[in-house]
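The lines below spell out each chain.
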Amino acid sequence: MLLKATDDAGNTLSHKDIREEVDTFMFEGHDTTAAALNWSLFLLGSHPEIQAKVHKELDETFGGFHVPKGVNVVIVPFALHRDPEYFPEPEEFRPERFLPENSSGRNPYAYIPFSAGLRNCIGQRFALMEEKVVLSTILRNFSVKASQKKDELCLVGELILRPQDGMWIELEHRTPRSATQTL
Ligand code: HEM
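Parameters at a glance
Residues numbered from 1 in each chain as written. Predicted model: local features only at pLDDT ≥ 70, side-chain atom pairs only at ≥ 80, totals over all residues. Domains from an automatic or database assignment. Buried ≥ 20, exposed ≤ 12 C-beta atoms within 10 Å, placed from the backbone. Helix = DSSP H or I, 4+ residues; strand = E, 2+ residues; numbered from the N terminus. Pairing = 2+ DSSP bridges. Near = placed C-beta within 6 Å. Nonpolar A, V, L, I, M, F, W, Y, C, P; charged D, E, K, R; others polar. UniProt positions renumbered as here; feature names shortened; annotations may be inferred. Contact = placed C-beta atoms within 7 Å.

## Considerations on the domain arrangement of the protein
Consideration 1: What the domain assignment lists for the protein is domain 1 (1-66), domain 2 (74-121) and domain 3 (122-183).
Consideration 2: Relative to domain 3, the C-alpha centre of domain 1 lies at a distance of 44 Å.

## Description of the pairing of strand E4 (residues 169-173)
Consideration 1: Burial within E4 is sparse, with just zero of its five residues counted as buried.
Consideration 2: Examined bridge by bridge, strand E1 (residues 142-146) and E4 share five bridges and lie antiparallel to one another. Of the residues in E4, the one forming a bridge with Lys-145 is Glu-170.

## Points about the site of the ligand
Consideration 1: In the vicinity of the ligand, the contacting residues are Pro-113, Phe-114, Ser-115, Arg-119, Asn-120, Cys-121, Ile-122, Gly-123, Phe-126 and Ala-127.
Consideration 2: By residue class, the composition of the shell around the ligand is six nonpolar, three polar and one charged.
Consideration 3: Both domain 2 (74-121) and domain 3 (122-183) contribute no fewer than three residues apiece to the shell around the ligand.

## Here we look at the UniProt feature "binding site: heme" (unreviewed entry) in the protein
Consideration 1: When the UniProt feature table is mapped onto this chain numbering, "binding site: heme" (unreviewed entry) sits at Cys-121.
Consideration 2: Considering the arrangement of structural elements, one finds Cys-121 in the loop between helix H4 (100-103) and helix H5 (124-141).
Consideration 3: For Cys-121, a count of 13 C-beta atoms within 10 Å gives the class partly exposed.
Consideration 4: If we skip the residues at most four places from it in the chain, Cys-121 touches Phe-114 and Ser-115.

## Focus: unusual backbone geometry
Consideration 1: Backbone geometry at Glu-89 places phi at a positive 45°, although glycine is not the residue there.
Consideration 2: Its location among the elements puts Glu-89 in the loop between helix H3 (77-80) and H4.
Consideration 3: C-beta crowding within 10 Å serves as the criterion here: with 9 such atoms nearby, Glu-89 is assigned to the exposed category.
Consideration 4: The phi dihedral of Ser-115 falls on the positive side, at around 65°, and the residue is not glycine.

See below:
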């Protein structure tokens with residue numbers, strides 16, 4: 001990357017420039033993290049009560065499950081997302097659960113519609129943006145009414161979760177109000 005980098009005038013980096021960049025990565029990258037680790041251990045070693053909290057959190061995070069080598073692990077988001085410990089009365093439609101003030105402090109792995117970790121969804125941001133644009137356009141112009149009850153949908157768990165025979169939504173036209181009208 002450094003060998004191909006150019007400035008606006010097309011000048012490449014000299015060997016000296018490249019050596020300086022490598023020095024920066026090597027030394028700034030090494031000393032900073034090494035010092036931060038040292039200081040962390042020193043501070044935890046000086047404050048056993050805080051160290052005890054760290055031990056507890058680590059034991060909760062890593063303890064409990066021993067996964068033997070070679071075992072296949074299946075994560076079932078359908079069940080995970082209905083865990084009442086994190087989502088009380090999980091079957092109730094309460095979008096407010098996801099407001100920042102209601103989700104701060106929640107275990108980041110409690111809700112993983114796009115998976116998590118190195119192989120999570122690369123389309124997440126695009127998908128959320130697309131859904132916001134489509135939903136806001138529909139809902140500005142229509143009121144929607146579901147024609148079926150949830151129990152009537154007969155969910156089918158394929159690669160994604162689908163209703164067996166489609167979903168029927170009634171649309172009723174509405175005229176978007178301008179911001180001044182709503183004041
Ligand atoms: C609501 C919409 C979406 C949901 C819920 C979703 C969910 C997911 C999940 C759970 C995974 C991980 C699958 C696994 O662990 O095997 C994944 C991976 C992936 N998704 Fe999405 N996705 C969505 C939209 C999109 C879009 C719009 C794109 C592309 C524009 C996309 C591209 C990908 C790709 C390429 C991977 C594989 C990433 C990898 O293996 O490194 N997804 N998605």
